[in-house]
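What follows is the residue order along each chain.
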Amino acid sequence: MCGIDHNNQPNTAKLLEGLPRNWGKWGPDDEVGALNYLQQAEVLRGVAAVRQGKTFTLQVQIGHPGGDPMWPARSPSMRFNTLDRSHYQAGKQPSMTGGAEYCDDVIFMQLQGSTQYDALGHAWYDNQLWNGYDANTTVGGMAKASVLPIAERGVVGRAVLIDMARHRGKKYLGRGETFDHRDLMAAAKAQGVAIEKRDILIIRTGSMGAFYEYGKTEFFKDLVEPGLTYSRELVEWFDQMEIPNLVTDTIANEVITDPSSGVQIPLHCALMRNLGIAFTEIVLLEDLAEDCAADGQWTFLYTAAPLKIVGGSGAPVNPVVIK
């Protein structure tokens, strides 16, 4: 019987060996990583991008009748009434003095079950998270590099939308269709815009539009998402551009399995774990992209504040952009 050649097995550490890390750049206790690039000057640069006063919200609906676009292994959200008109009708809830009544409800959901921010410690390899924190700090709740520091800080800066689907003449990119930083720059040039240093980078593949058009069953059938694909040059480009936040309309922000090495989620590790770049996923960009194509303004002020979940590995968010 032939033995397994472990030297040829996918290996994240080997794949990323020698690539840049930002560990320690903002001190030994840092938990927000590349968001440190978004200081006052970057906020003002974002404000300066506002020209028209148009606003867009980018969160998908939680509990949409067609289902929630999330990673298939995660449970969908469940919302329940705990108090409504029926309780008053049944005599189980007294009306308030004067006759007022009210309703209450609860929701149970994955913290990454909607448009959301990943904590910087959400993904790791070699038992170390962002900034070198021990992976054991995730046990029972994230003691280090959770989503809470990101939520407490908030995210504000100039953002640029790169519409890869439109650039390739498609409504949606195909299953497993890839692109890299060179494709992003080519699309930006075609749009008449430049990706600038410290821009919040927003990329549309059309995936969320496809989810709502095709329906949950068809969308998740043999799911292989389109997205960014790993290369050493791409990682170095993100580092040199000092990108603070990667925002896409896909579930993973990248092609899950690198087609060359077989390593899964290499960009979660290379960009988020090593460079401290915040990941925002499952963003609804259809209306914003249509408007940008119509008026030619692809840059704007981006603002986001995920929920302040203590120890959370991620949190829902409803980003607001102002053009």
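Shown above is the structure to which this text applies.
Report follows, based on the coordinates. Note that the coordinates shown come from a computational prediction; the quantities given were computed from them, not determined experimentally.

Turning to a nonpolar patch on the surface, a few remarks are in order. Taken together, the side chains of M78, F80, V106 and F108 present a nonpolar region at the surface, about 370 Å² in accessible area. Looking at the nonpolar patch, the elements that each hand over two or more residues are strand 2 (78-83) and strand 3 (104-108). Within the secondary structure, M78 is located in strand 2. Note on M78: relative accessible area 43%, which makes it partly exposed.

Glancing now at the sheet that holds strand 1 (residues 55-57). Where strands meet in a sheet, backbone hydrogen bonds hold them as pairs that are either parallel or antiparallel. Pairing within the open sheet is mixed, and its nine strands lie in the order 1-13-11-5-7-9-10-4-12. Each edge of the open sheet carries a strand with a single partner, namely strand 1 and strand 12 (314-316). Going across the sheet, the axis of each strand differs from the next one's by a mean of 25 degrees, ignoring polarity. Here three bridges tie strand 11 (residues 299-304) to strand 13 (residues 320-322), and the two strands are oriented antiparallel to one another. Note that in strand 13 the partner of L301 across the bridge is I322. Relative to strand 5 (residues 155-163), helix 2 (residues 40-48) is tilted by about 50 degrees, and along the sheet it contacts strand 5 and strand 11.

Turning next to the pattern of salt bridges. Under the defined criterion, the tally for this structure stands at 21 salt bridges. Among the ionic pairs, R166 bridges to D163, the shortest N-O distance being 3.0 Å. With a relative accessible area of 34%, R166 lands in the partly exposed category. Taking the shortest distance from any N to any O, the salt bridge between E286 and R204 comes out at 3.0 Å. In this pair, E286 is assigned in helix 11 (residues 286-295) and R204 in strand 7 (residues 200-204), connecting sequence segments 82 residues apart. Of the residues examined, R204 reaches a relative accessible area of 5% and is grouped as buried. Overlapping salt bridges, with partners in common, bring together E42, R45, R158, E196 and D199 in one network.

Definitions and cut-offs
- Each chain carries its own residue numbering, running from 1 in the direction its sequence is written.
- Per-residue local features of the predicted model are confined to residues with pLDDT of at least 70, and side-chain atom pairs are confined, for both listing and counting, to 80 or more; whole-chain, interface and lining totals are unaffected and use all residues.
- Heavy atoms throughout the structure, all of them, feed into the side-chain values; hydrogens and water do not.
- Without a salt bridge and with relative accessible area above 30%, a residue can belong to a patch; like charges are then joined within 9 Å and nonpolar side chains (Val, Leu, Ile, Met, Phe, Trp, Tyr) within 5 Å.
- Reported accessibility uses the Shrake-Rupley method at a 1.4 Å probe radius. Residues are deemed covered only where the shown protein chains occlude them.
- Counted as salt bridges are all cases of a side-chain nitrogen of Lys or Arg within 4 Å of a carboxyl oxygen of Asp or Glu.
- Secondary structure elements are defined from DSSP: runs of H or I of at least 4 residues count as helices, runs of E of at least 2 residues count as strands, and each element is numbered from the N terminus.
- Only protein chains enter the calculation, and the probe is 1.4 Å; a residue is then buried if its accessible area is under 20% of its type maximum, exposed if over 50%, and partly exposed in between.
- Here, a strand pair is defined by DSSP locating no fewer than two bridges between the strands.
- Note on definitions: angles span 0 to 180 degrees between N-to-C directions of axes, and those axes are lines fitted to C-alpha atoms, for helices only across the stretch in contact.
- Here a residue-residue contact requires only that any non-hydrogen atoms of the pair lie within 4.5 Å.

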